[in-house]
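In case you want the letters, here they are:
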Amino acid sequence: MALQLLGALMGAMFSAGGALALGMVALLYYYYVVRGARYFAERGVPYQPPTPLLGNGADFLLRRRTMIEVLSELYGRFARHRFFGYFDFLSPIYVLRDLELVKQVCIKDFDHFLNHRIDLDENHDPLFGRALFAMRDSRWRNMRTVLSPAFTGSKMRLMFGLITTYCETAVRTIRSETQGGRADLEMKELFRRFGNDIVATCAFGIEINSFADRTNAFYTLGKELTNLEGLQGLKFLAFSSFPRLMRLLRLKLFSDRMTTFFRHVVMDTIAQRERRNVVRHDMINLLMEARKQELKFDENDNVTVNGGQKRLMDWTDDDLTAQCTVFFFGGYDTVSTLSSFMAHELAVNPDVQQRLREECDAVRASLGDGEKLSYETLQSMKYLDMVATETMRLWTPAPFLDRICTKPYVLEDYDGHKVQLHKGDGVWVPAAAIMRDPELFPDPDRFWPDRFAPEHRGNMDTNALLGFGLGPRNCIGSRFALMEAKAIFYYLLTNFYLEKGPDTQHPIRMKLASIAPSAEKGFWIRFRVREP
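Predicted model only: the values in this text are computed from it and were never measured. Position numbers for residues count from 1 along each chain, tracking the sequence in the order it is written. Under the rules for a predicted model, residues below a pLDDT of 70 receive no local features and side-chain atom pairs below 80 are neither given nor counted, while totals for whole chains, interfaces and linings still include all residues. Note that the side-chain values use all heavy atoms of the structure and ignore hydrogens as well as water.

Participant: Provide a residue-level description of the packing of aromatic side chains, including the pertinent values.
Facilitator: Aromatic ring pairs are reported here in terms of the distance separating the ring centres and the angle at which the planes meet. Centres within 6.5 Å are what make two rings of Phe, Tyr or Trp a pair, Trp counting through its six-membered ring; a difference in plane orientation under 30 degrees is then read as stacked, over 60 as edge-to-face, and the rest as tilted. The full count for this structure, using the stated rule, is 24 aromatic pairs. Ring geometry for Phe40 versus Phe87: centroids 5.1 Å apart, planes at 70°, classification edge-to-face. Residue Phe40 is located in helix H2 (residues 39-43), and its partner Phe87 is located in strand S1 (residues 83-88); the two are separated by 47 residues in the primary sequence. An aromatic cluster of at least three residues, connected via ring pairs, comprises Tyr39, Phe40, Tyr47, Phe87 and Tyr94. Whether a charge sits over a ring depends on NZ of Lys or CZ of Arg being within 6 Å of the ring centre and within 35 degrees of the ring normal. For the cation-ring pair, Arg43 lies above Tyr39, with the distance from its terminal atom to the ring centre recorded as 3.6 Å. Every helix listed is a DSSP run of H or I at least four residues long, and every strand listed is a run of E at least two residues long, numbered separately from the N terminus.

Participant: Which residues make up the pattern of salt bridges, and what values go with them?
Facilitator: What makes a salt bridge here is a side-chain nitrogen of Lys or Arg within 4 Å of a carboxyl oxygen of Asp or Glu, nothing more. Enumeration according to the criterion identifies 29 salt bridges in this entry. Here Glu100 makes a salt bridge to Lys103, at a shortest N to O gap of 3.0 Å. Taken together, the positions of Glu100 and Lys103, both in helix H5 (residues 99-108) and three residues apart, correspond to about one turn of that helix. Here the term buried applies to any residue with accessible area under 20% of the maximum for its type, exposed to any over 50%, and partly exposed to those in between, with areas from a 1.4 Å probe on protein chains only. What makes Glu100 partly exposed here is its relative accessible area of 44%. Residues joined in a network through salt bridges with shared partners are Arg38, Glu42 and Arg43.

Participant: How would you explain the layout of surface pockets if you had to name every residue and give the values?
Facilitator: Points on a 1 Å grid over protein atoms alone make up a cavity when a 1.4 Å probe fits among them but cannot get out, and a pocket when they form an open set with protein on both sides within 12 Å along at least five of seven lines; lining residues each have an atom within 4 Å of a point. Grid points are joined across faces, edges and corners, and a volume is the space filled by probe spheres set on the points. Estimated volume of the second largest pocket: approximately 540 Å³. As for the second largest pocket, its lining consists of 23 residues, and the residues nearest its centre are Thr389, Leu465, Phe468, Ser478 and Leu482. Where the lining of the second largest pocket is concerned, the elements lending two or more residues are helix H16 (375-379), helix H17 (382-394) and helix H20 (478-493). Residue composition of the lining of the second largest pocket, grouped by class: ten nonpolar, eight polar and five charged. Three classes are used, and their members are as follows: Ala, Val, Leu, Ile, Met, Phe, Trp, Tyr, Cys and Pro are nonpolar, Asp, Glu, Lys and Arg are charged, and the others, Gly among them, are polar.

Participant: Pulling in residues and values, what's your account of the environment of Glu122?
Facilitator: Inspection of the secondary structure puts Glu122 in the loop between H5 and helix H6 (137-147). Expressed as a C-alpha distance, the spacing of Glu122 and Asp318, which sit 196 residues apart in the sequence, is 9.3 Å. Only heavy atoms matter for contacts: two residues are in contact if any of them lie within 4.5 Å across the pair. If we skip the residues at most four places from it in the chain, Glu122 touches Gly129, Arg130 and Arg139.

Participant: Which residues make up the side chain of Ser514, and what values do they have?
Facilitator: Along the chain, the position of Ser514 falls in the loop between strand S11 (496-499) and strand S12 (524-529). In this structure the side chain of Ser514 is engaged in a polar contact, spanning 2.6 Å, whose partner is the backbone oxygen of Ala516. For this analysis, a polar contact is any N or O atom pair within 3.5 Å, provided that within protein one partner can donate a hydrogen and the other can accept it, and provided that sequence-adjacent residues contribute only side-chain to side-chain pairs.

Participant: Go over the packing of helix H13 (residues 283-292) against helix H14 (residues 317-348) with me, naming the residues and quoting the values.
Facilitator: Remark: H13 packs on H14, axes separated minimally by 11 Å, with the N-to-C direction vectors making an angle of 150°. For the element pair H13 / H14, the angle class is roughly antiparallel. The two elements H13 and H14 meet at a crossing, and its hand is right-handed. Contacts between H13 and H14 involve Met283, Ile284, Leu287, Met288 and Arg291 from the first element and Asp317, Leu320, Gln323, Cys324 and Phe327 from the second. Helix axes are fitted to C-alpha atoms over the stretch in contact, other axes to C-alpha atoms as well, and angles between N-to-C directions run from 0 to 180 degrees. Angles are sorted into four bins: roughly parallel if under 35 degrees, roughly antiparallel if over 145, roughly perpendicular if 65 to 115, and oblique for all others. Here is the rule for handedness: rotate from the far helix to the near one, and if that takes an anticlockwise turn smaller than a right angle the crossing is left-handed, while a clockwise turn gives right-handed.

Laid out in structure tokens, this is it:
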């Protein structure tokens, strides 16, 4: 009898506890999902009702549409507004669609939107947390000031010789592997190997030939690091959408294996150079110089060499490693994406390729015997720049730019309706949708490099070119990325014809599982050797 009473009592307690837990879940669901879905309605901001829990990105998360397609559809739907609301899972985001408002937020009123949404603990995640992209507030300002001289034209000129030497070697390797004077190659794989080796030599001072050694540590780790379709892609999505939760859980964007590998490479290279007094014109050398300088900052965070008393720029080993690693990350993936789409467009637009080849041939003919392509000569190639710029417009590597409000700000719609933003509110700029807006770029889905000819540039707002960001927080390595891609295509077009092959997918269909744009069946192009 006693056991029966005890069982009944425990059952009642369990039922009561279960009911209480169920009630708590229902309450949380109402507060965060049902009530949260009215966030924009209560503020008079146009929005599309979200899918519960998944938000407005449900079609992307369920692999029905790409992220670019999701944002572009909303961009068109709310054409009568300067901005609209978007739910990133449960988090409300203000999406800016008016270019003047974009310029105001990213340039004029930049001090209100200083940071990205990502929030990493630099002590827990020492590589990405200390990288320029993830830094915040004054620490970001200081590091940007110190790093900016590394990406000036004079520094690009010094590193350019490393790039041309590598391109010559890579082209010889590709030619030797052709059969019957031709080969069908997958461009993403090809340009990852180009980018891997170029950034390895320019950032880490390591000589690698990924065409000969196809499983070297730099290449395999880089592929793992930039795989935005697998676990790494999910981690990027989580760190972007749930920055506070990921910080609270103390999860890392980079694995310990990656951290250990890159830290060892950088520190070992620096130790050898300091011991042997070796000077090499690459990123590590520039960072070593920056670390030696006693840079101080005045009350406005302006860098001074002498007399500044506010703050000394202290460098740790992980600061050096972080900048090299993220430079590697950008060079490995961003450049390979740009180059893959550029190769595809040249293959399916033979008239564009022929015109660009003629420019490359003219440059080659102008060089003396044994004279290499120079940085100045590359910069003078106008049509090459037009083709690269049009590729970035049509196939931008990132669907959107992100910012977070750092101090109160007011958004005003076309009809005068005002919305108060508070510290912590998220903002997106739908870069891909803006660069395919027919009001800004007529016939936007056409690959037409001549839209960037000097006679046409005067009719466009170049601030609409958002492939590398906009304003003070734009990509610091954009000049290097374009230099690398242009140099690669100069050497490719002077050695090969790029043609459609049996596996070329045209028009390209995008992978639904990838955050960044990527071809569903890869970028297969036939290379046909040009005879000297």
